[in-house]
Amino acid sequence: MFFHFGMNTFTNSEWGTGQESQSLFNPAHLDTNQWMEAAVQTGASLVILVAKHHDGFCLWPTQYTDHSVKWSPWREGKGDVVKEFVDAAKARGLDAGIYLSPWDRHERTYGHEVAYNEYYLAQLHELLTRYGSIQEIWFDGAKGKNATNMTYHFQEWFQTVKQLQPSINIFSDAGPDIRWVGDEAGSAGSTCWSTVNRTHLKIGDASLEKYLNTGDPHGTDWIPPECDVSIRPGWFWHKNETAKPLSQLLDIYYKSVGRNCVLLLNVPPNSTGLVSEADITRLKEFHHAIQTIFSTDMATGSETKASSQRGGTTSGFTAFSVIDGNEETYWAPKQTDGGHGQGYWIELRRVDVNSAFNVVRIQEAISMGQRIKRHQVLVDGIVVVNGTTVGHKRLHRLKWPVFGRVIRVWIKESRGPPLLSAVGLHFDPFRKGIDA
Ligand code: FUL
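Scoring rules and cut-offs
Residues numbered from 1 in each chain as written. Predicted model: local features only at pLDDT ≥ 70, side-chain atom pairs only at ≥ 80, totals over all residues. Heavy atoms only, no water. Pairing = 2+ DSSP bridges. Helix = DSSP H or I, 4+ residues; strand = E, 2+ residues; numbered from the N terminus. Axes fitted to C-alpha atoms, helices over the stretch in contact; angles between N-to-C directions. Near = heavy atom within 4 Å. Polar contact = N/O pair within 3.5 Å; in protein donor to acceptor, adjacent residues only side chain to side chain. Nonpolar A, V, L, I, M, F, W, Y, C, P; charged D, E, K, R; others polar. Contact = heavy atoms within 4.5 Å. Phe/Tyr/Trp six-rings, centres within 6.5 Å; stacked < 30°, edge-to-face > 60°. Buried < 20%, exposed > 50% of the residue type's maximum accessible area, 1.4 Å probe, protein only. Core = buried A, V, L, I, M, F, W, Y, C linked by side-chain atoms within 4.5 Å. Domains from an automatic or database assignment. Buried area = accessible area lost by both parts, 1.4 Å probe. Salt bridge = Lys/Arg side-chain N within 4 Å of Asp/Glu carboxyl O.

Caption draft 1: Quick look at the sheet that holds strand 16 (residues 394-402). Taken together, 3 strands build an open sheet; the order of strands is 16-13-18 and the sheet is antiparallel. Of all strands in the sheet, those with a lone pairing partner are strand 16 and strand 18 (420-426), marking the two edges. For this sheet, the mean angle separating the axes of adjacent strands, direction not counted, is 15°. Sheet topology note: the strand 13 (residues 357-364)/strand 16 ladder contains 5 bridges and is antiparallel. Across the sheet, residue Arg 361 finds its bridge partner in strand 16, namely Leu 395.

Caption draft 2: Geometry of the site of the ligand. All residues in the neighbourhood of the ligand are listed as Phe 2, His 4, Trp 15, His 53, His 54, Tyr 99, Asp 140, Ala 142, Glu 184, Asp 228 and Trp 235. A distance of 2.9 Å separates an oxygen atom of the ligand from a polar side-chain atom of His 53. Between the ligand and Glu 184, the relevant distance is 3.3 Å, taken from an oxygen atom to a side-chain nitrogen or oxygen of the residue. Per-class residue counts for the shell around the ligand are 5 nonpolar, 3 polar and 3 charged.

Caption draft 3: Spatial organisation of the environment of Pro 269. On the secondary structure map, Pro 269 appears in the loop between strand 10 (262-266) and helix 8 (277-294). The sequence separation of Pro 269 and Gly 341 amounts to 72 residues, and the corresponding C-alpha distance is 54 Å. Dropping the residues within four chain positions of it, Pro 269 is found in contact with Phe 3, His 4, Phe 5, Thr 9, Trp 35, Trp 237, Leu 274 and Val 275.

Caption draft 4: Just the packing of aromatic side chains, in detail. Taken as a whole, this structure holds 31 aromatic pairs when the rule is applied. Ring centres of Phe 2 and Trp 138 lie 4.9 Å apart, and the angle between their planes is 50°; this geometry places the pair in the tilted category. In this pair, Phe 2 sits in strand 1 (residues 2-3) while Trp 138 sits in strand 4 (residues 136-138), placing the two residues 136 residues apart along the sequence. Residue class for Phe 2 comes out buried when judged on its relative accessible area of 1%. The interplanar angle of 40° and the centroid separation of 5.5 Å between the aromatic rings of Phe 317 and Tyr 330 together place this pair among those described as tilted. You can see Phe 317 sitting in the loop between strand 11 (303-306) and strand 12 (344-349) and its partner Tyr 330 sitting in the loop between strand 11 and strand 12, a full 13 residues away along the chain. Owing to a relative accessible area of 23%, Phe 317 belongs among the partly exposed residues under this scheme. By relative accessible area, which is 15% here, Tyr 330 ends up buried. Grouping aromatic residues by their ring pairs yields a cluster made of Tyr 110, Tyr 116, Tyr 119, Tyr 120, Phe 139, Tyr 152, Phe 154, Trp 157 and Phe 158.

Caption draft 5: Structural view of the environment of Gly 341. Residue position: Gly 341 is located in the loop between strand 11 and strand 12. C-alpha separation for the pair Gly 341 and Glu 413, spaced 72 residues apart in sequence, amounts to 8.3 Å.

Caption draft 6: Broad picture of the nonpolar core. One finds Val 82 and Leu 124 to be the most contacted residues of the largest nonpolar core, which totals 92 residues. A per-element tally of this core places helix 4 (residues 113-129) first, with 7 residues. If near-sequence neighbours (up to four positions away) are discounted, Val 82 is found in contact with Leu 49, Ala 51, Leu 59, Trp 60, Ile 98, Leu 127 and Tyr 131. Counting residues in hydrophobic clusters, the runner-up holds 26 residues, among them Ile 323, Ile 346, Leu 398 and Leu 425.

Caption draft 7: Region of interest: the domain arrangement of the protein chain. Under the domain assignment used here, the protein chain contains domain 1 (2-294) and domain 2 (303-426). Placing the centre of domain 1 and that of domain 2 at their C-alpha centroids yields a distance of 36 Å. On the domain 2 side, the residues contacting the 18 residues of domain 1 number 18 residues. Both faces combined, the contact of domain 1 with domain 2 buries some 1500 Å², and carbon together with sulfur accounts for 55% of it. Of all residues in domain 1, Trp 193, Tyr 254 and Phe 294 bury the most surface against domain 2, accounting for 35% of the area lost on that side. Across the contact surface, domain 1 and domain 2 share 1 salt bridge. Its salt-bridge partner being Arg 397, residue Asp 251 comes within 2.9 Å of it at the nearest N-O pair. Summed over the shared surface of domain 1 and domain 2, the result is 13 residue pairs in polar contact (both at pLDDT 80 or more).

Structure, rendered in structure tokens:
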């Protein structure tokens, strides 16, 4: 879960000018435990705070500028939102991440290459040494059209980050660990590879959006995408905006989590310093809907059969692995299978055919790489899905609920033998439109 909170929260804007007075920052009831409660209730595992947005106002008492909480009335200048955020996250067992905007409209050194890069590095140093372990750092490529020219020393920043926090994940348009998905709608490409070629990438280059959206089957760098999207129209809280309807959130879930991505859902706290009740209600609905859809798997108990199986029945690569409920185990075909242009297939023969499903879940054994290029799903011999990549998780919504007995996942093209860790069949009662 992403938290955009800062000066903009108090000025009803999305991009502040950097000229705002520190006295405006004064959330009367700021409670990061309440934020974490919202995250936990939604099933999130990681929370990321915008520590400084483009307006340059810092949510921690940095020693490098006066434009921070230290000069605001909040907690009489003794508060530290970053500390409260990270402490509250850790107390709830959540991983914590930080967003630090490179574009800074307040800082007077901005535009002076050496001075600003040093300023930014010094702030990174504060953020990554004061608050214990941080699991993700978010580098935003955004910048206004008329922004002052500025060269960022990304390589140096990344090196510093890794020195200070060796196991952190660095997010940016170009990784190196997690990549932007190329849009802010929470929607990955219907073909989505975890791999890209880093040499093609450049932070802040809009012409790369399509490439980031689909990844690259020939990519040599493993940089899986993260889909950032806001629950509301804006990234920051605005009095007159409301949360997206459940149907839209579910659509986002299918197009992000269901397309091999991490979903980073932004929930902006309001000017009192709390996540609004209406947003919490929507988050609960969202979580409940996901639980409802995926807690029942109609593939459970099926008989399994595959085009081939590597090793004997005790090899650990049996077809049954896809329905054993364990993501660590997987089905592997023989190396020699699929050699005649037919691909590889696995079949589930359902015991209970009286239960309809309208969602098919397919998962690759992702620790062994991403291999599937093209696949089909057939129900009793009829093709109901034509798909491309699978990756960690592929969710297919069917046009209508089906009751079939034999479900075949047919991998038509892959980079080497496909390895499947799961196939699931689910019923989504919230589904109205037909937009597979
Ligand atoms: C964009 C920014 O300009 C938005 O304000 C927001 O922070 C979003 C996550 O990234 O590039």
